[in-house]
Amino acid sequence: MVDPSLIIYHPVRETEKGLIVTNGDQTDTVRDYGDFKAGLMTREYEPDEPNYTPRISAMIYKDGSFDISILKHKDGRCLREFFCYEGANEGKGYFISTYEGDGAPLPTFSGEPIEIDMPEPEEVWAALNADNKVSLYTNVKGEVKLFNKHLGD
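Note that the structure is predicted; figures quoted are calculated from it, not measured.

Draft legend 1. Here's a closer look at the side chain of lysine 133. Counting through the fold element by element, lysine 133 comes out in the loop between helix 3 (121-127) and strand 8 (135-140). Judged by its relative accessible area of 12%, lysine 133 is buried. Polar contacts involving the side chain of lysine 133 include one to the main-chain carbonyl oxygen of tryptophan 125, which spans 3.0 Å.

Draft legend 2. Molecular detail of unusual backbone geometry. Here glutamate 49 and proline 50 are connected by a cis peptide whose omega angle stands at 10 degrees. Following alanine 104, the chain continues into proline 105 via a peptide bond in cis, with omega recorded as 0 degrees. With a phi close to 45 degrees, tyrosine 52 is a non-glycine residue in the positive phi region. Mapped onto the elements, tyrosine 52 comes out in the loop between helix 2 (36-40) and strand 3 (55-61). Non-glycine residue aspartate 75 carries a positive phi angle of around 55 degrees. With respect to the element layout, aspartate 75 can be found in the loop between strand 4 (66-74) and strand 5 (77-85).

Draft legend 3. Just the packing of aromatic side chains, in detail. For the coordinates displayed, the defined rule picks out seven aromatic pairs. Aromatic side chains tyrosine 45 and tyrosine 52 sit 5.3 Å apart centroid to centroid with 75 degrees between the ring planes, which places their arrangement in the edge-to-face category. The buried category is assigned to tyrosine 45, whose relative accessible area is 13%. With relative accessibility at 18%, the residue tyrosine 52 sits in the buried group. Measuring from ring centre to ring centre gives 5.6 Å for tryptophan 125 and phenylalanine 147, while their planes differ by 20 degrees; the resulting arrangement is stacked. Residue tryptophan 125 is found in helix 3, and its partner phenylalanine 147 is found in strand 9 (residues 143-148); the two are separated by 22 residues along the sequence. A residue is classified by how much of its surface remains accessible, and phenylalanine 147, at 12% relative accessible area, is buried. These aromatic residues form a ring-pair network of at least three members: Phe66, Tyr85 and Tyr94. Directly above the aromatic system of phenylalanine 82 lies the positively charged group of lysine 37, at a separation of 5.3 Å from the ring centroid. The residue whose ring lies beneath lysine 133 is tryptophan 125, and the NZ or CZ to ring-centre distance is 4.2 Å.

Draft legend 4. Quick look at the pattern of salt bridges. In this structure the tally under the stated criterion is ten salt bridges. For aspartate 28, the salt bridge identified is with arginine 13, shortest N-O distance 2.7 Å. Separated by 15 residues along the polypeptide, aspartate 28 in helix 1 (residues 26-33) and arginine 13 in strand 1 (residues 12-14) bring together distant segments of the chain. Notably, a salt bridge pairs glutamate 81 with lysine 72, separated by 3.2 Å at the nearest N-O pair. Among the residues examined, lysine 72 registers a relative accessible area of 7% and is labelled buried. Through salt bridges with shared partners, a single ionic network connects Arg13, Asp28, Arg31 and Asp32.

Draft legend 5. Local environment of the pairing of strand 9. Two strands pair when backbone bridges link them, and strand 8 and strand 9 are joined in this way by six bridges, in the antiparallel orientation. When the bridges of strand 9 are listed, leucine 136 appears paired with phenylalanine 147. Connecting strand 8 to the antiparallel partner strand 9 that follows it, the hairpin turn spans two residues, and lysine 141 within it adopts a positive phi of roughly 50 degrees.

About the criteria used
Residues numbered from 1 in each chain as written. Predicted model: local features only at pLDDT ≥ 70, side-chain atom pairs only at ≥ 80, totals over all residues. Heavy atoms only, no water. Helix = DSSP H or I, 4+ residues; strand = E, 2+ residues; numbered from the N terminus. Buried < 20%, exposed > 50% of the residue type's maximum accessible area, 1.4 Å probe, protein only. Polar contact = N/O pair within 3.5 Å; in protein donor to acceptor, adjacent residues only side chain to side chain. Phe/Tyr/Trp six-rings, centres within 6.5 Å; stacked < 30°, edge-to-face > 60°. Lys NZ or Arg CZ within 6 Å of the ring centre and 35° of its normal. Salt bridge = Lys/Arg side-chain N within 4 Å of Asp/Glu carboxyl O. Pairing = 2+ DSSP bridges.

Structure follows, in structure tokens:
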């Protein structure tokens, strides 16, 4: 293990403002700053050359609004994209991913988050690539479910 911070972190934190969900240790940065954008402005993509894994973060506020961010490597610099939503329609969600397809290096997700019909948590888990999935956290109207390939489906 070269850098344990790239695989050992809190992916979810609850604060007085709402719920923070990320794919890296930036969860605690956002929590400690108390401000989604300000915290992420101090961070970059992961230092795992050649892929430079993008850092994806979301903050779901108590009023139902939410922010999504992706910090990614582009031309030797950090490209910081922020998307702010006033809410989502019932049964809808927004999808963003670290990569889009295979390659060497892996191609980074591009464009705006994609609006999707929200499947049941079990459907999401079943749809993930078996070779690459590790765990899944879901929170549907306060009902939390955890899935982990090392603990069984």
